[in-house]
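# Geometric and topological summary
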Amino acid sequence: MTLVGKKFPNLNVDAMNDMGDTFKVNVLEEAVNNNKKVLLFWYPKDFTFVCPTELHAFQAAIGEFEKRNTILIGASCDTPEVHFAWLNTSKDNGGIEGVTYPILADSNRNLSSILGILDITKETYDEETGTVLLEGDNVTYRATYLIDENGLVQHESINNMPLGRNVNEYLRLIDALAHNQKHGEVCPANWEEGKDAMSANRSGVASYLASH
């Protein structure tokens, strides 16, 4: 079930930063209390393969997110201690040393379960043991959420494990949202900052298509 147009879940989750501090983060409150947008991106596992390339790519663009009044938060189901170990592993050893934004440690899977982004392909109840057996890794897909200053989800997307994200696309989406908030115009396909947007009515689309 999509969260677009709805409030992001109001839940406190453990997080870790590059200083080794464990603390609670509430994504909804980060947006609303700070009057900022939040870009929350989930990845499957620490110490894996595509994941560090994404974390470094988001880190490289952190200044661009800050210029856009946007808080950047990573997330997975690893524990805070595993996050810290990965943060202390050098880049040339497959680590994420140098990453400075907080990383959620949803090890109890409370938030990822609410979001419905866990890799669970099948659940079977074992009557003999009284337990539920899962098929799948029970880790998150590459899910991404853009949350506005009111805590509303404006964008969500989910990639399967092998498919890394394009950081520039999220910057473009933030620009498009900010343009709509400021000017009331809607942003057409392939829109980028500085390009023409259009009025959300029949004459607006007709005028845009006529000149493009």
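The preceding data block contains the structure.
Residues numbered from 1 in each chain as written. Predicted model: local features only at pLDDT ≥ 70, side-chain atom pairs only at ≥ 80, totals over all residues. Heavy atoms only, no water.

Once that is clear, we can look at unusual backbone geometry. In the Ramachandran plot, Phe47 falls in the positive-phi region, its phi being about 60° despite a non-glycine side chain. Tracing the sequence through the fold places Phe47 in the loop between strand E3 (37-42) and helix H2 (50-60). The phi torsion at Asn138 lies on the positive side, around 55°, for a residue other than glycine. As for its placement among the helices and strands, Asn138 is situated in the loop between strand E7 (131-135) and strand E8 (142-147). On the basis of relative accessible area, Asn138 is assigned to the buried category, the value being 18%. (Helix = DSSP H or I, 4+ residues; strand = E, 2+ residues; numbered from the N terminus. Buried < 20%, exposed > 50% of the residue type's maximum accessible area, 1.4 Å probe, protein only.)

A few words now on the pairing of strand E4 (residues 70-76). Among the seven residues in E4, seven count as buried, and that is most of the element. Alternating positions in E4 separate into two faces, Thr70, Leu72, Gly74 and Ser76 on one and Ile71, Ile73 and Ala75 on the other, with burial throughout. Bridge count for E3 against E4 is six bridges, and the pairing is parallel. Opposite Leu39, over in E4, you have Leu72 as the bridge partner. (Pairing = 2+ DSSP bridges.)

Turning next to the packing of aromatic side chains. Think of a pair of aromatic rings as described by two things: how far the centres are apart, and how the planes are tilted against each other in angle. By the definition in use, this model includes seven aromatic pairs. Seen from their ring centres, Phe41 and Tyr101 are 5.8 Å apart, and the 70° between their planes marks the pair as edge-to-face. With a gap of 60 residues between them, Phe41 in strand E3 and Tyr101 in the loop between helix H4 (80-87) and strand E5 (103-105) connect regions that are remote in the sequence. Neither Phe41 nor Tyr101 differs from the other in exposure class; each is buried. What links up through ring pairs into an aromatic cluster is the set Phe41, Phe58, Phe65, Tyr101 and Tyr170. (Phe/Tyr/Trp six-rings, centres within 6.5 Å; stacked < 30°, edge-to-face > 60°.)

Before going further, it helps to spend a moment on the side chain of Ser112. The topology assignment puts Ser112 in helix H5 (residues 110-115). Classification of Ser112 as buried rests on a relative accessible area of 0%. Setting aside chain neighbours within four positions, we find Ser112 in contact with Trp42, Cys77, Asp106, Ile117, Leu118 and Thr140. (Contact = heavy atoms within 4.5 Å.)

Moving on to the nonpolar core. Soluble, globular proteins show a tendency: their nonpolar side chains are buried together. In this structure, Leu55, Phe58, Phe65 and Tyr101 are the most contacted members of the largest nonpolar core, which totals 24 residues. When contributions to this core are tallied by element, the ones reaching two or more residues are E3, H2, helix H3 (62-67), H4 and helix H6 (167-183). Every residue in contact with Phe65, bar those within four places of it in the chain, is listed here: Leu39, Phe58, Thr70, Leu72, Val167, Leu171 and Ile174. Core analysis: the next-biggest nonpolar cluster, separate from the first, contains 21 residues, Ala31, Trp42, Ala75 and Ile147 among them. (Core = buried A, V, L, I, M, F, W, Y, C linked by side-chain atoms within 4.5 Å.)

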